[in-house]
Amino acid sequence: MAQSPFARIPHIRLVRAGKLLGSCLYLLDRRHRLIVRRNLQFVFSSMPSQAVRRLSIAVFQHVAITALEVLQVSSFERKDLFQRVRLQGEQHLQQLARSSKGGIFISAHLGNWEIGHIYASCYLQPPLFLVAKDVRPASLNSMVNAIRTRFGSTIISKKRALAPMRRVLKDGGLLGLLIDQGVSRTEGVDISFFGHRVSATPVVALLARRYDCPVVPGFCLRESDGQLTLIIKPPLDLQKTADFHYDIKVNTQKMYDVIEEAIRAYPDQWFWFHKRWKRYHAFLYPEEMARYERRRKRKKASRKKRKRSKSL
């Protein structure tokens with residue numbers, strides 16, 4: 001099958017176009033520019049303001065490059081993907097594939113996370129079951145999932161995902177998850193991320209304990225030469241004692257420690273657009289909190305209006 005013209009664009013040109021696009025977005029998107037800069041200032045408190053600005057621009061550029069790379073991969077054949085991405089730590093990926101108890105491949109919104117999961121599914125047999133949050137609108141969600149599944153992955157919607165995730169591991173399958181986003185206080189455990197308290201999902205620690213399966217971190221990172229490298233870390237040494245709740249918290253912290261270490265090594269490649277510290281540090285995002293409050297009031301007023309209409 002002949003490659004599409006988009007698939008044949010040299011990667012260096014794709015990177016240049018992404019940098020230009022990202023720089024424009026940085027200038028135009030004030031809302032997310034503020035979120036990114038405040039996150040960086042909060043985490044790297046000793047970083048000079050000019051350095052924060054330069055890093056913020058690099059973050060926007062990285063996201064634009066990532067989007068273009070994903071669009072290009074949508075027209076790749078399997079061999080093209082293997083040529084585009086280097087693999088480091090292959091033995092750990094093989095160990096995951098050989099597990100008779102299933103396994104969990106964890107990552108974060110770091111580097112080109114979409115291509116990382118796509119590559120892992122190409123390499124592993126059977127492919128990964130990817131746990132993913134639905135994207136809006138529905139038409140965009142369908143397009144993104146078509147790219148994610150074109151090499152055999154199966155998508156598990158993040159909503160009500162626990163039961164299907166358990167079935168996958170019970171059957172000896174392999175899960176793929178991004179675990180760096182926030183969760184509600186009732187669903188999460190409190191851990192430290194860049195020295196600050198956050199709420200994190202304990203689901204991987206819970207499932208790993210329940211099914212005694214390996215948890216392998218991996219990150220698809222863009223190196224200085226522009227080449228993508230999927231770096232697979234060794235399986236995590238998870239704690240298992242008589243104190244169930246303490247073990248879950250300790251093991252979730254271990255997962256976040258690996259993520260933090262990778263972000264510190266490639267700070268321009270994490271998705272700093274997340275309001276990741278809003279649970280306990282809402283002061284970082286005053287405009288976002290005000291926007292949330294306005295939405296809440298509108299919804300409350302709308303519910304009251306519907307209630308009055310029904311009573312008439």
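Rules behind the numbers
- Along every chain, residues carry numbers that run from 1 in the direction the sequence is written.
- Reporting in this predicted model follows two pLDDT cut-offs: at least 70 for local features of residues, and 80 or more for side-chain atom pairs to be given and counted; totals over whole chains, interfaces and linings ignore these cut-offs and use all residues.
- Where side-chain values are given, they derive from all heavy atoms of the structure, hydrogens and water being excluded.
- Secondary structure elements follow DSSP: runs of H or I no shorter than four residues count as helices, runs of E no shorter than two count as strands, and numbering proceeds from the N terminus.
- A 1.4 Å probe rolled over the protein chains alone gives each residue an accessible area, and that area as a share of the maximum for its type sets the label: buried under 20%, exposed over 50%, partly exposed in between.
- Each axis is a line fitted through C-alpha atoms, taken for helices only over the stretch in contact, and angles between the N-to-C directions span 0 to 180 degrees.
- Helix crossings fall into two classes, left-handed where the near helix is turned counterclockwise from the far one by less than a right angle and right-handed where it is turned clockwise.
- Contact criterion: two residues are considered in contact whenever any of their non-hydrogen atoms come within 4.5 Å of each other.
- Strands were regarded as paired on the criterion that DSSP finds at least two bridges between them.

**A closer look at the environment of Arg13**
Part 1 of the reasoning: Residue position: Arg13 is located in helix H1 (residues 11-28).
Part 2 of the reasoning: A relative accessible area of 56% means that Arg13 is categorised as exposed.

**Regarding the packing of helix H8 (residues 162-170) against helix H9 (residues 203-211)**
Part 1 of the reasoning: It is at 11 Å that the axes of H8 and H9 come closest, and there the two elements cross at 35°. Both H8 and H9 take part in a crossing whose hand is right-handed. The segment H8 lies against H9, with Leu162, Met165, Arg166, Leu169 and Lys170 engaging Val203, Leu207 and Tyr211.

**Considerations on the sheet that holds strand S5 (residues 174-178)**
Part 1 of the reasoning: One open sheet accounts for seven strands, arranged S1-S9-S8-S2-S5-S3-S4; its pairing is mixed. Where the open sheet ends on each side, the last strands, each with one partner, are strand S1 (85-88) and strand S4 (154-157). On average, each strand axis in the sheet is tilted by 25° relative to the strand beside it, whichever way the strands run.
Part 2 of the reasoning: As defined by bridge partners, strand S3 (residues 129-132) adjoins S5 across two bridges and the pair is classed as parallel. Counted as the bridge partner of Leu130 is Gly176 from S5.
Part 3 of the reasoning: Sitting on the sheet, H9 is in contact with strand S2 (103-107), S5 and strand S8 (215-222), with an inclination near 160° to S2.

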